[in-house]
Amino acid sequence: MNIDLQKIFTDTPGKKTCVHLNNCGSSLMPQSVLDAQVDHLKLEAAIGGYEAANKRRDAIEGVYDSVARLINCHRDEVAVVENATVGWAMAFYAIPFKAGDRILTVEAEYASNYVAYLQLAKQKGVEITVIPSDDKGQTSLCALEELIDDRVKLISVTHVPTNSGLVNPVEAIGAIARKHNILYLVDACQSAGQMPLDVEKIQCDILTATARKFLRGPRGVGFLYVRSSILDQLHPPMIDLYSASWTSPNEYVLRPDARRFENWENNYAAKLGLGACVDYALEVGLDNIKTRIDELASHLRENLAKIKRVKLHTFGAAHNAPQQCGIVTFSIDDIKSLDAVTEILSRGVNVSGSSPSSTLIDATNNNLPILIRSSVHYFNDHDEIDKFLQIIKDIAAS
Ligand SMILES: Cc1ncc(COP(=O)(O)O)c(C=O)c1O
């Protein structure tokens, strides 16, 4: 691992004021990400919003190059949107489903995605099938193969769920989707920024992510990738004068690139913040980031497991999964998780709670309560994790 931890610590102003183990909620921005936004806001205040966007046009265009480098695609395949959900929904609702079409999804699917499937099931008569997980807690590839038939229109997968360390085998799923020529959508909201992502290796057609989580970017901005070869199969559910040109009184023409999923007005400071956080992640190196997160998360998991009354709900811990990530969730016997979260926050460590309703199928199948959700990033260190472990020991002993 070739990573300058001292520089990373210095670059992270929030590290001075809190122990941040809520990176899967919203992480701490590096100084360069903060500067990119503040500088642009100052420019807007000084010369006007339109004028500032014109002046910084090259930098704004550069954001698409940065995202393209992050996921190994062409810049024309990237749309910058308000958040992962907007990107996901713009692509999902653009798919021309008809009654009887099937959507295959995963047990750990995120609530916002699942309710969209339910809406289409009610409105259009599509059928939703959840691919069972294997004994390691990952989406079962054998089960997926068996479920495929002519009616499967979409395989839609959450890479890393919001509520555990599970990492779904998106590349192996992609190989199956490609073999059967089925549209493949990956929600990479929790994986972007914590591990390498390559849309050519994953072989997905659509991928979505947000800036504020492991990418360490601002709130209120995210991106959507759409493979150029499927762009014309998708008609955005909402268009405006940016995504389409009004060419004659009765005609319009969609933009030829993925920006047909954007609209005209947007938060340029946040967009520049997205570019800056992606550049920062690329500079640290996604392999380095993953190695460091794996090391810190293993330390946390191993030591949590030793504390009496603590029940780890991380898939790997329960099912011996081969790959886990930086999200570590657990409960403490006879203590309400939300009370524990309040106590942890009061002692200066940021974590959050994870409700069963955010991953309802997984929570129901595995009988999950509300969980205490911690998540490490590469800028965390052993002292911070040990402080957190001590707090959990105290709570568990109380
Ligand atoms: C797996 C997953 N997908 C999607 C989202 C939604 O992201 P956003 O809030 O940026 O729309 C989240 C947010 O927690 C998530 O965990």
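Residues numbered from 1 in each chain as written. Predicted model: local features only at pLDDT ≥ 70, side-chain atom pairs only at ≥ 80, totals over all residues. Heavy atoms only, no water.

Some thoughts on the overall build of the protein chain
Summing up its helical and strand segments, the protein chain has 15 helices and 15 strands in all. Relative to the compact-globule value of 21 Å for 398 residues, the protein chain shows a C-alpha radius of gyration of 21 Å, a close match. Across its three principal directions, the C-alpha atoms of the protein chain cover 70 × 60 × 35 Å. Relative to all contacts within the protein chain whose residues are 6 or more apart in sequence, the contacts with residues 24 or more apart total 72%. If you sum the accessible surface of the protein chain, you get close to 16800 Å²; carbon and sulfur atoms cover 51% of it. Between the centroid of the 40 positive side chains of the protein chain and the centroid of its 49 negative side chains there is a distance of 3 Å. (Helix = DSSP H or I, 4+ residues; strand = E, 2+ residues; numbered from the N terminus. Rg over C-alpha atoms; globule rule 2.2 N^0.38 Å. Contact = heavy atoms within 4.5 Å. Areas by Shrake-Rupley, 256 points an atom, 1.4 Å probe, with all protein chains shown as cover. Lys, Arg positive; Asp, Glu negative; His and termini not counted. Charge placed at Lys NZ, Arg CZ, Asp CG, Glu CD.)

Things to note about the environment of Leu166
If you trace the backbone, Leu166 turns up in the loop between β5 (152–158) and α8 (170–179). Residues Leu166 and Gln324 lie 158 residues apart in sequence; the distance between their C-alpha atoms is 5.4 Å.

Concerning the side chain of Asp187
Looking at where Asp187 falls in the secondary structure, it is placed in strand β6 (residues 183–187). Comment: no salt bridge for buried Asp187; closest opposite-charge side chain is Lys213, at 9.0 Å. In this structure Asp187 touches Trp88, Tyr110, Asn113, Val157, Thr158, His159, Val160 and Thr208, once residues within four positions along its chain are discounted. (Buried < 20%, exposed > 50% of the residue type's maximum accessible area, 1.4 Å probe, protein only. Salt bridge = Lys/Arg side-chain N within 4 Å of Asp/Glu carboxyl O.)

Here we look at the sheet that holds strand β4 (residues 127–131)
Backbone hydrogen bonds are what pair the strands of a sheet, in a parallel or an antiparallel way. In space, the 7 strands of this open sheet follow the order β2-β8-β7-β6-β5-β3-β4, with mixed pairing throughout. The open sheet has two edge strands, β2 (78–81) and β4, and neither has a second partner. Averaged over all neighbouring strand pairs, the angle between strand axes comes to 20°, with direction disregarded. In the sheet, strand β3 (residues 102–106) pairs with β5 via 4 bridges, with the strands oriented parallel. Pairing of Ile103 across the sheet is with Leu154, part of β5. Relative to β2, helix α4 (residues 57–71) is tilted by about 115°, and along the sheet it contacts β2, β7 (206–210) and β8 (222–226). (Pairing = 2+ DSSP bridges. Axes fitted to C-alpha atoms, helices over the stretch in contact; angles between N-to-C directions.)

Quick look at the domain arrangement of the protein chain
Domain boundaries assigned for the protein chain yield domain 1 (5–28 + 286–397) and domain 2 (32–283). Taking only C-alpha atoms into account, the centre of domain 1 sits 26 Å from that of domain 2. Around 3100 Å² of area is buried between domain 1 and domain 2 when both sides are counted, 55% of it from carbon and sulfur atoms. Linking domain 1 with domain 2 are 0 salt bridges, by the criterion used here. Viewed at the interface, domain 2 and domain 1 are joined by 20 residue pairs in polar contact (both at pLDDT 80 or more). Contributing elements (two or more residues each) for the side of domain 1 that touches domain 2: α1 (5–10), α11 (286–305), α12 (315–319), β12 (327–332), α14 (360–365) and β15 (371–375). For the side of domain 1 that touches domain 2, the leading source of residues is α11, giving 6 residues. Residue composition of the side of domain 1 that touches domain 2, grouped by class: 17 nonpolar, 21 polar and 7 charged. (Domains from an automatic or database assignment. Buried area = accessible area lost by both parts, 1.4 Å probe. Polar contact = N/O pair within 3.5 Å; in protein donor to acceptor, adjacent residues only side chain to side chain. Nonpolar A, V, L, I, M, F, W, Y, C, P; charged D, E, K, R; others polar.)

Some details on the site of the ligand
Around the ligand sit 13 residues, and of these Thr85, Asp187, Thr210, Arg212 and Lys213 come closest. The contact in question runs from an oxygen atom of the ligand to an N or O atom on the side chain of Gln190, over 3.0 Å. Expressed as a share of its isolated accessible area of 390 Å², the protein-covered part of the ligand is 91%. Here the shell around the ligand is composed, by residue class, of 4 nonpolar, 6 polar and 3 charged. (Near = heavy atom within 4 Å.)

Focus on the pattern of salt bridges
Within the structure shown, the criterion is met by 21 salt bridges. Glu127 is the partner of Arg102 in a salt bridge, and the nearest nitrogen-oxygen pair spans 3.6 Å. Residue Arg102 is located in strand β3, and its partner Glu127 is located in strand β4; the two are separated by 25 residues in the primary sequence. The salt bridge partner of Arg227 is Asp205, with a shortest N-O separation of 3.7 Å. Of this pair, Arg227 sits in the loop between β8 and β9 (244–248) while Asp205 sits in the loop between α9 (199–202) and β7, and the two are 22 residues apart along the sequence. A residue is classified by how much of its surface remains accessible, and Arg227, at 9% relative accessible area, is buried. Here the salt bridges share partners, and the residues they tie into one network are Glu61, Asp65, Arg75 and Arg259.

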